[in-house]
Structure formats: structure tokens, C-alpha cells
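Structural overview for review
In case you want the letters, here they are:
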Amino acid sequence: EHLAAVLAPIRRQKPNDPILLGYLAQAYAQSRQYPQAEGAFEKLVRLRPRDAQAWSALGEVRLARADGRITPEARAAFEQALKLDSTASAPLWWLGREAVLAGRRDEGVAMWKTAAQPLSPDDPRRAELENAVAAAEAGRFAQAEAAEAKGGAAQSAMVQAMVERLASRLEKQG
């Protein structure tokens, strides 16, 4: 919250600075101010319409606002991210999860395998994807998701991962 409070006045001076806007959107997301984060990410994708990570982050914030449900707006952001980068891990994870939970296991598993392919063997996201594939193939994924959702861990981890990915990218651009 404190970072967002510091960045918001600066953004008014530089309303079209995509790096500043990205940091502000991250700060809002990290402090769970999802409506403000969504607005900031929406402006970021208008400024950078070919930025797959920004579209992905927008989808994840929309997902967080909907308590982990993929709304039509979140789906649209994820689909745009995948049009720009067909191996974007976050959209593939969430859309694959939705497919598996809806009984379209093969479709979801294929998405997860696509997401895992470019990741290095020591990347924790790869292990998470491989574990999800194994659970789905064994018919245990839905039960594991239900147990995790009770503790709210999935949403917290999702937001933290989104913030870390975008922060890393913005530092490289910075």
C-alpha cells in the first residue's frame, strides 16, 4: 500500500510512463487493491498492446478480483497474451486448470505441457506444472485444488508470482 501511495502522485506527472505504470499496477496487486491494479494494467496494455506479460498480469488481476474464477474479461486478457506469446505460462496454467476442472482433462494437460516445455528443469513453475499434469492424469487434480482453495493459498501465490514476474521484467527494461 505504501508503494502505491508513493507512486500514484508521480504517475499523475507521468501518466504515460509504462514502467512507472507497471510498478504502480504491481503495488496495487500486491496490496490486494485489485480494482486499482486492474485499471493500471488496462492502461498499461493500451500503452503496450503487444506486451504478453502485461496482458497476462491483467488476466491474473481479473482472476483475483473474481476469487479465482475465470471471468470472460480474464479469459479475454489471457487469450490476448497467448496470441502474443503462445508459451506464456500463466495463461496456459489458468486456462488449463479451467479445462481440467471442467472435465476437459486432455485439453488442460496439453496446455500445461506447452507451458512447461520452455521452462528450465530447475524452475519451480515447471515442477508445479509437472505435478499438476501427474495429478490430472491420475484423476486427483480437482481434489487437490479443492483442498488448497479452502486455505486461500492459490490466490495469494498467484498474485505474488504475478508481481514478481512483472517486477523482474520491468527491472530489465528499466
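1. Observations regarding the packing of aromatic side chains
Tallied over the full model, the rule gives four aromatic pairs. Where Trp93 meets Trp94, the ring centres are 6.2 Å apart and the plane angle is 75°; that geometry is what we call edge-to-face. By the burial criterion, Trp93 is buried, and Trp94 matches it. For the ring pair Trp93 and Phe141, a centre distance of 6.1 Å and an interplane angle of 75° mean the geometry is edge-to-face. In this pair, Trp93 sits in helix 6 (residues 89–101) while Phe141 sits in helix 9 (residues 141–151), placing the two residues 48 residues apart along the sequence.

2. A closer look at the confidence of the model for the protein chain
Residues of the protein chain with pLDDT of at least 70 account for 73%, and the chain-wide mean is 82. Taking the mean pLDDT of every element in the protein chain, the minimum, 55, falls on helix 10 (residues 153–173) and the maximum, 97, on helix 5 (residues 72–84).

3. Quick look at unusual backbone geometry
In this model, Arg32 sits at a positive phi of 60°, which is unusual for a non-glycine residue. Examined against the element boundaries, Arg32 turns out to sit in the loop between helix 2 (18–30) and helix 3 (34–47). At Asp67, a residue that is not glycine, the phi angle is positive and equals roughly 55°. Looking at where Asp67 falls in the secondary structure, it is placed in the loop between helix 4 (52–65) and helix 5. Residue Asp67 is classed as exposed on the basis of its relative accessible area, which comes to 59%.

4. Remarks on the packing of helix 4 against helix 5
Helices that pack against each other are described as a pair by the angle of their axes relative to one another and the distance between those axes. Across the interface, helix 4 lies against helix 5 with an axial gap of 8 Å and an inter-helix angle of 160°. Our classification of the angle between helix 4 and helix 5 gives roughly antiparallel. In this structure, the crossing between helix 4 and helix 5 has a hand that is left-handed. Across from Ala52, Trp55, Ser56, Leu58, Gly59, Glu60, Arg62 and Leu63 in helix 4, the residues of helix 5 making contact are Glu73, Ala74, Ala77, Phe78, Gln80, Ala81 and Leu84. When its residues are assigned to classes, the contact of helix 4 with helix 5 shows nine nonpolar, three polar and three charged.

5. Regarding the packing of helix 5 against helix 6
Running from N to C, helix 5 and helix 6 cross one another at 130°; their axes reach a closest spacing of 9 Å. Relative to helix 6, helix 5 is oriented oblique. With respect to the hand of their crossing, helix 5 and helix 6 are arranged in left-handed fashion. On helix 6, the residues touching Arg75, Phe78, Glu79, Ala81 and Leu82 of helix 5 are Pro91, Leu92, Trp94, Leu95 and Glu98. Of the residues contributing to the contact of helix 5 with helix 6, the split by class is seven nonpolar, no polar and three charged.

6. A few points about the environment of Ser89
Position of Ser89 relative to the elements: it lies in helix 6. For Ser89, a relative accessible area of 15% translates into the label buried. Considering only alpha carbons, one finds Ser89 and Lys113, 24 residues apart in sequence, at a separation of 9.8 Å. With residues near it in sequence (within four places) discarded, Ser89 still touches Ala115 and Arg125.

What counts and how
Residues numbered from 1 in each chain as written. Predicted model: local features only at pLDDT ≥ 70, side-chain atom pairs only at ≥ 80, totals over all residues. Heavy atoms only, no water. Phe/Tyr/Trp six-rings, centres within 6.5 Å; stacked < 30°, edge-to-face > 60°. Buried < 20%, exposed > 50% of the residue type's maximum accessible area, 1.4 Å probe, protein only. Helix = DSSP H or I, 4+ residues; strand = E, 2+ residues; numbered from the N terminus. pLDDT = per-residue confidence, 0-100. Axes fitted to C-alpha atoms, helices over the stretch in contact; angles between N-to-C directions. Parallel < 35°, antiparallel > 145°, perpendicular 65-115°, else oblique. Left-handed = near helix turned anticlockwise from the far one by under 90°. Contact = heavy atoms within 4.5 Å. Nonpolar A, V, L, I, M, F, W, Y, C, P; charged D, E, K, R; others polar.

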